[in-house]
Amino acid sequence: MSEILVVGSLAYDSIKTPSGSAPRALGGSANYFSLAASLFSKVRVVGVVGDDYSSTDRELLQKRGVDLSGMIVQPGKTFHWEGAYEGDMNEAITLKTELNVFETFDPVLPAHYKDSKFVFLANISPDLQGKVLDQCEKPLLVGMDTMNFWISSKLDDLKKTLKRVDIALINEGEAMMLTGAGNAIEAAPRVCELGPKALVIKRGEYGFVLYTKDEGFFILPAFPITKVIDPTGAGDTFAGAFFGYLASLGRAPTTADLKQACVRGTVVASFTIQDFSVKALADVTPAKVEDRYKSYRQVVHLA
Ligand code: AMP
């Protein structure tokens, strides 16, 4: 098993969905990612929080064995994102993004993080993603995520980061926005032209599209869930389980490994959407993942 280094947002989210609302609940790409990845592998976090960040929220990751020596506390407020879902549960409407302590964050990796073999640049400003990657010595696999906010505000930096990664995981709307393509199938090879050898396009309730330069497309549905309470963090959870699974193998992944990793991502993300914030994800265990993995195999079985 290899260790994963993740840099991303550690946030408080204020969310409204047709099922209700959750003001200032724990969120952020690095929190969802780490909770999911730690079901499979050891995780090291790089990020910044404000002095309003609660010790209970920190303990949630510590209980999963996540290394928080790269989590810095800075005077000021934690990153805050306000979002809503209306009708289309696959697409969040951003109402407010308050970068707060992220505005002045300059990541410095603790010495023992630098040899991390698996590096994931979760959704965060692309220049910070680049600064973290600069400090990694010899990663075996580098992945990244991003979102519309950065595609519209920091496209040049984002393109520089894309050139340096092996695999990108982004959602369908962002893949189209980034390439100007009309759908995921058209977008996938175009994203790979920007750098990555492989791409996962997350499509919410419709599942995912995996595209590799070598073997083309692999497409599966999501795990069927009757009631989606809050889809926030589903993508980050997918990425966490995906990377966690790959790091547990401890080798440069084959395309077959990437397919298996996508299925782990799909399965673990299906828990996240069943409650607000990280509530459902925090209760997931490897045994629950295994059970749902077996059910998912039946959903997609063809014989
Ligand atoms: P997802 O639903 O998986 O795409 O991710 C939702 C998470 O992304 C939320 O918990 C937010 O805190 C976080 N987030 C929203 N906007 C940004 C942003 N501009 N940069 C970094 N993280 C963000």
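For the structure itself, consult the block above.
An account of the accompanying structure is given in this report.

**Some words on helix H8 (residues 234-249)**
Next, step 1: Look at H8: 23 Å from first C-alpha to last across 16 residues, which is about the 22 Å you get at 1.5 Å a residue.
Next, step 2: Buried residues dominate H8, accounting for 13 of its 16 residues.
Next, step 3: Looking one or two residues beyond H8, the residue adopting positive phi is Gly250, at roughly 70°.

**Here we look at the site of the ligand**
Next, step 1: Close contacts around the ligand come from 17 residues, with Ser9, Asp13, Gly28, Gly233 and Asp236 the closest.
Next, step 2: Interatomic distance of 2.7 Å between a side-chain N/O atom of Asp236 and an oxygen atom of the ligand.
Next, step 3: Relative to its unbound accessible surface of 510 Å², the ligand loses 90% to contact with the protein.
Next, step 4: Contributing elements (two or more residues each) for the shell around the ligand: strand E2 (11-17), strand E6 (79-84), helix H4 (148-153) and H8.
Next, step 5: Element by element, the count of residues in the shell around the ligand is highest for H8, at three residues.
Next, step 6: Split into classes, the residues belonging to the shell around the ligand amount to eight nonpolar, seven polar and two charged.

**Side note on the state of the cysteines**
Next, step 1: Applying the stated criterion across every chain, the model contains zero disulfides.
Next, step 2: Cysteine Cys192 is unpaired, with the sulfur of Cys262 as its nearest cysteine sulfur at 12 Å.
Next, step 3: Since its relative accessible area comes to 1%, Cys192 is described here as buried.

**Considerations on the sheet that holds E2**
Next, step 1: What the four strands build is an open sheet, ordered E3-E2-E6-E7; its pairing is mixed. Edge positions in the sheet fall to strand E3 (20-27) and strand E7 (93-98), since each of these pairs with one other strand and no more. In this sheet, adjacent strand axes meet at a mean angle of 15° when their direction is disregarded.
Next, step 2: One ladder, built from six bridges, connects E2 with E3; its direction is antiparallel. Counted as the bridge partner of Thr17 is Gly20 from E3.

**Observations regarding the pattern of salt bridges**
Next, step 1: Taken as a whole and judged by the stated rule, the model has 14 salt bridges.
Next, step 2: A salt bridge links Asp106 to Lys131; the nearest nitrogen and oxygen atoms lie 3.2 Å apart. Here Asp106 is found in the loop between E7 and strand E8 (118-121), whereas its partner Lys131 is found in helix H3 (residues 126-134), with 25 residues between them in sequence.

Rules used throughout
Residues numbered from 1 in each chain as written. Predicted model: local features only at pLDDT ≥ 70, side-chain atom pairs only at ≥ 80, totals over all residues. Heavy atoms only, no water. Helix = DSSP H or I, 4+ residues; strand = E, 2+ residues; numbered from the N terminus. Expected span 1.5 Å × (residues − 1). Buried < 20%, exposed > 50% of the residue type's maximum accessible area, 1.4 Å probe, protein only. Near = heavy atom within 4 Å. Polar contact = N/O pair within 3.5 Å; in protein donor to acceptor, adjacent residues only side chain to side chain. Areas by Shrake-Rupley, 256 points an atom, 1.4 Å probe, with all protein chains shown as cover. Nonpolar A, V, L, I, M, F, W, Y, C, P; charged D, E, K, R; others polar. Disulfide = S-S within 2.5 Å. Pairing = 2+ DSSP bridges. Axes fitted to C-alpha atoms, helices over the stretch in contact; angles between N-to-C directions. Salt bridge = Lys/Arg side-chain N within 4 Å of Asp/Glu carboxyl O.

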